[in-house]
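# Understanding the architecture of this molecule
Residues per chain are reported as follows:
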Amino acid sequence: MFTIAKAKPERGIWASDQPTLSAPGRGMVMVDVIAAGICGTDYHIFAWDQWSAGRIKTPMTIGHEFVGRISAIGEDVTGFEVGERVSAECHIACGQCALCRTGNAHICEKTQIIGVDVPGAFAEQVLVPATNLWKVPDAIPNKHAAVFDPVGNAMHMVSIADVTSKDVLIVGGGPIGLFAAAIAKAHGARTVTLQEPNQSRGAIASSLGLDLVVNPRDPDCVSNILDVTGGRGPNVVLEVSGNGAALNAALDIAAPGSLVALLGIPGGPVSLDLGGKVVMKGISLVGVTGRRMFETWFQVEAFMLKNPDLIDKVVTHVLPAKEFDRGFQLMDDGACGKVVLDFQTSELREVV
Ligand SMILES: [Zn+2]
Ligand SMILES: [Zn+2]
């Protein structure tokens, strides 16, 4: 079968021809992939940064955000049938530890990630534990169902921040920042501002009906954010850029008492005047990772059913899977929102 893999420990990503998978084992399900989103994580693996070099054992089929149809079911799996359309939570938590047993499986320390630690979904077939599957309602099209995972990251972050009636600043306009902006608006934020230096991404943000889209390189950036927030500055900051300088600037402009949620992963340690920017301002800093299992999934499904137009604006490209190079190039250039790969093109059916 056709797969997209990290074949060797250096920058790049390669097409790979792999044997079709053997029948799923106990508790496992085989899914024939219809479509899969390229995630920032896949881009890190492509670029072979410090994190991916330390974590990935090559060769590894990558990809973890996907939709597909169940093609085989292992022993002891109940509640699923061959032919059902599913997505899946990509974090395979242990289910046994104190975190898993207290509703915190998203931070289980024994988590294995599909497409990072075990073979992924950039393939015609993928094996997934049945407990990770999410049945997709018929009304959600494939190109939306393929991105449950990143919409879930955004939903998790917005939910933690409790944005209703707040002035929200989103730092970073990649797909998760764009989804977060749309969700914050739908969740009743007083104002939503998105900050992004890349013009293509800024243009996508502008199409979402936000209160303000700013370029941090614009000298009027800070005064524009103050204007839209009544001079107070934002009281919720959602940091998805992973950029230390952008975080510092956001802490400067955040109102005292703000909640600052961090989802972007910096490439290394970040220097911060904790005393002046956090302690003395009474700022709450909170890290956000993954999705709550499965509270976030219920929220995402409801959001997708009600707001297909917003998801459509962020999913800017659906490419045949064999053109994955183009997808990674688009991400390199920042010339896209979410890029989805279509794994059904061999059957001449288009992902919709
Ligand atoms: Zn992802
Ligand atoms: Zn666990």
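Refer to the preceding data block for the structure.
Residues numbered from 1 in each chain as written. Chains lettered and ligands numbered in written order. Predicted model: local features only at pLDDT ≥ 70, side-chain atom pairs only at ≥ 80, totals over all residues.

Okay, the pairing of strand E11 (residues 167–171) next. In terms of burial, E11 is a largely internal element, 5 of the 5 residues being buried. Here E11 shows no split at all, with Asp-167, Leu-169 and Val-171 on one side and Val-168 and Ile-170 on the other all buried. Here E11 runs beside strand E12 (residues 191–195); their pairing, made up of 5 bridges, is parallel. Bridging from a neighbouring strand, Leu-169 pairs with Thr-193 of E12. Of the crossover connections in this fold, the one passing from E11 over helix H5 (residues 175–186) to the parallel E12 is right-handed. Strand direction decides the pairing type here: E11 and strand E14 (residues 236–239), joined by 4 bridges, are parallel. (Buried ≥ 20, exposed ≤ 12 C-beta atoms within 10 Å, placed from the backbone. Helix = DSSP H or I, 4+ residues; strand = E, 2+ residues; numbered from the N terminus. Pairing = 2+ DSSP bridges. Right-handed = clockwise from strand over helix to strand, strands pointing away.)

Another aspect to go through is the nonpolar core. Counting residues in each nonpolar core, the largest one holds 104 residues, and the members touching the most others are Ala-36, Ile-170, Ala-180, Ala-181 and Leu-238. Considering each element in turn, this core owes the most residues, 9 residues, to strand E3 (residues 28–38). For this core, the two domains that each supply at least three residues are domain 1 (2–150 + 291–347) and domain 2 (154–287). Setting aside its immediate chain neighbours within four residues, Ala-36 contacts Gly-63, Glu-65, Phe-66, Ala-121, Phe-122, Ala-146, Val-340, Leu-341 and Phe-343. (Core = buried A, V, L, I, M, F, W, Y, C linked by C-beta atoms within 7 Å. Domains from an automatic or database assignment. Contact = placed C-beta atoms within 7 Å.)

What follows deals with the sheet that holds strand E13 (residues 212–214). Reading across the sheet, the 6 strands line up as E13-E12-E11-E14-E15-E16 and stay open at both edges, with parallel pairing between neighbours. Each edge of the open sheet is held by one strand with a lone partner, namely E13 and strand E16 (284–287). Strand-to-strand twist across the sheet, computed as the mean angle between neighbouring axes with direction ignored, equals 15 degrees. Here E12 pairs with E13 via 3 bridges, running parallel. Across the sheet, residue Gln-195 finds its bridge partner in E13, namely Val-214. (Axes fitted to C-alpha atoms, helices over the stretch in contact; angles between N-to-C directions.)

Interpretation in functional terms is not warranted from these geometric data alone.
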